[in-house]
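Fold and geometry: a report
The residues making up each chain are set out below.
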Number of protein chains: 2
Amino acid sequence: MPNSPHDLRDIRTIAFDADDTLWRHQDLFEGTQARFVDLLRGFHDEDWIAGRLHEAEMRNLRLYGYGVKGFMLSMVETAIELTEGRIGGAEIQRILDLGKTMLDHPIDLMPGVAEALAQLAGTFELMVITKGDLFDQETKLARSALGAHFKAVEVVSEKDAAAYAAILKRHGIGPAHFLMVGNSLKSDVLPVLAVGGRAVHVPYELQWSHDRVEGASAASHGYLEIASLSELPGLLADTP
Amino acid sequence: MPNSPHDLRDIRTIAFDADDTLWRHQDLFEGTQARFVDLLRGFHDEDWIAGRLHEAEMRNLRLYGYGVKGFMLSMVETAIELTEGRIGGAEIQRILDLGKTMLDHPIDLMPGVAEALAQLAGTFELMVITKGDLFDQETKLARSALGAHFKAVEVVSEKDAAAYAAILKRHGIGPAHFLMVGNSLKSDVLPVLAVGGRAVHVPYELQWSHDRVEGASAASHGYLEIASLSELPGLLADTP
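Residues numbered from 1 in each chain as written. Chains lettered and ligands numbered in written order. Predicted model: local features only at pLDDT ≥ 70, side-chain atom pairs only at ≥ 80, totals over all residues. Heavy atoms only, no water.

1. With respect to helix α5 (residues 113-120) of chain B
Residues that lie three or four places apart on an α-helix share one face, since the helix turns once every 3.6 residues. All names here are of chain B. Convention followed: The buried label goes to any residue with under 20% of its type's maximum accessible area, the exposed label to any with over 50%, and the partly exposed label to all in between, with areas taken from a 1.4 Å probe on protein chains only. The secondary structure listing takes helices from DSSP runs of H or I that are at least 4 residues long and strands from runs of E that are at least 2 residues long, numbered from the N terminus. Read the arc as the range of directions from the helix axis to the C-beta atoms.
Here α5 has its buried residues at Val 113, Ala 116, Leu 117 and Leu 120. Viewed along the axis of α5, the buried residues span an arc of 95 degrees, placing them on a single side of the element. Facing away from the buried surface of α5 by more than 90 degrees, the exposed residues are Glu 115 and Gln 119.

Structure (structure tokens):
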């Protein structure tokens with residue numbers, strides 16, 4: 001079955017998503033958001049605060065794009081809005097400090113990542129393809145000590161089929177030789193299948209509501225699913 | 001004189017800086033900063049406010065990188081610091097609105113840019129190499145209507161010799177065939193000369209103090225200088 005999604009014999013290049021695939025990120029966002037909610041608890045209930053913050057993030061996405069700095073600005077805006085301007089300078093500074101702590105946080109690698117990359121780097125060309133803030137992602141990669149494994153790092157503003165097609169073309173990679181590995185069906189799996197590549201989904205425990213795709217499944221869409229990156233070398237070696 | 005900086009016969013690829021080379025940007029920063037100073041004028045004098053804002057920007061560069069969102073966060077932080085936390089929510093919102101206006105501002109092309117690019121695109125491979133926020137730069141390029149002229153757009157977090165060497169290698173461009181055009185000696189000219197490329201300096205009226213390089217001159221460092229991009233096609237055609 002040369003066209004089976006389980007047949008990875010032709011793969012030469014493996015690209016990895018970064019946040020919540022190589023290292024934990026959503027936990028940090030959720031932790032920061034919990035502390036933000038605590039700050040405003042005297043004014044509103046928890047769900048209302050979280051809901052309004054999410055609305056601000058979505059409203060500002062067009063101007064800010066993805067990333068921690070935009071999240072910080074949306075938190076400040078939400079705090080002003082929910083207190084009708086009564087929030088004090090010290091509380092706003094506390095919000096800025098929460099964001100700075102995120103930006104400076106030690107990198108917490110997902111289980112098995114370092115070993116899997118070291119094993120795969122000998123046989124495959126490895127890349128990172130990630131969304132978000134270029135500066136954030138580059139400093140995180142530097143702090144992760146994983147940088148040496150990757151031949152290229154691509155930071156894009158949106159991970160859609162057009163973005164993947166452009167990257168494959170720029171690097172001269174045929175889609176049949178390309179495997180993308182990531183935690184997001186919407187960003188890492190479905191658009192890669194759409195351009196003729198292979199994809200492995202590594203679900204993360206927490207899923208950002210913006211990233212969910214209804215009705216997608218490994219069986220119906222032709223991708224593979226593993227619980228941890230430590231299973232990836234075996235998957236590539238096992239090909240019949 | 002094949003090695004003269006004035007000999008551009010071998011050039012095949014021309015890369016352009018974006019902010020203050022293709023379109024005005026520093027004016028927007030200065031205008032926003034003037035309105036920010038106005039907001040705090042009741043607390044401190046103008047130079048003191050501008051000086052403390054610049055200090056905050058430099059202090060936060062390691063965490064925020066370059067770009068409007070980091071500038072917004074540094075303005076908020078400076079406003080809190082300079083008012084010892086007495087700034088109100090409405091004023092902070094006003095600062096956020098100043099930043100959003102910058103992010104959404106119509107693109108104001110530098111003189112002669114559209115014509116020069118249209119003329120050069122037939123003969124040379126054109127690229128953009130810019131520093132700053134990936135999302136900002138991509139949306140500005142889209143709004144500029146110049147996108148179709150460029151074969152590649154590279155957004156890097158720092159424009160140093162290593163960054164240029166990596167871009168040339170990735171695109172398979174020999175340094176002798178590469179010309180960089182930009183307004184910053186520090187980012188667009190000197191690091192390109194250091195990797196063996198050619199450079200054309202197009203000085204901008206306003207220079208951000210962080211971008212100044214003491215003692216560099218066209219005569220001593222071997223680059224060309226023009227007053228406007230409209231002179232560039234002539235420069236490339238004039239080569240003896």
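2. Description of unusual backbone geometry
All names here are of chain B. Backbone geometry places Glu 84, a non-glycine residue, at a positive phi of 50 degrees. Relative to the helices and strands, Glu 84 resides in the loop between α3 (68-82) and α4 (89-103). With a phi close to 65 degrees, Ala 145 is a non-glycine residue in the positive phi region. Take Ala 145: it is sitting in the loop between α6 (134-144) and β3 (152-156). Residue Ala 145 is classed as exposed on the basis of its relative accessible area of 67%.

3. Here's the deal with the packing of aromatic side chains
Residues and elements named next belong to chain A. Convention followed: By convention, a stacked pair of Phe, Tyr or Trp rings (six-membered ring in the case of Trp) has centres within 6.5 Å and planes under 30 degrees apart, an edge-to-face pair has planes over 60 apart, and any other such pair is tilted. In this analysis the charged atom, NZ for Lys or CZ for Arg, is taken to sit over a ring once it is within 6 Å of the ring centre and within 35 degrees of the ring normal.
Across all of its chains, the model carries four aromatic pairs over all chains by this definition. Centroid distance Phe 16 to Phe 150: 6.3 Å. Interplanar angle 65 degrees. Geometry classified as edge-to-face. Note that Phe 16 is positioned in strand β1 (residues 13-16) and Phe 150 in the loop between α6 (134-144) and β3 (152-156), a separation of 134 residues in sequence. Here Phe 16 and Phe 150 have matching classes, each one buried. Measuring from ring centre to ring centre gives 4.4 Å for Phe 29 and Phe 71, while their planes differ by 65 degrees; the resulting arrangement is edge-to-face. Within this pair, whereas Phe 29 is found in helix α1 (residues 26-40), its partner Phe 71 is found in helix α3 (residues 68-82), the two being separated by 42 residues in sequence. Each of the two residues, Phe 29 as well as Phe 71, counts as buried. Positioned above the aromatic ring of Tyr 66, the side-chain terminus of Lys 131 is 4.2 Å from the ring centre.

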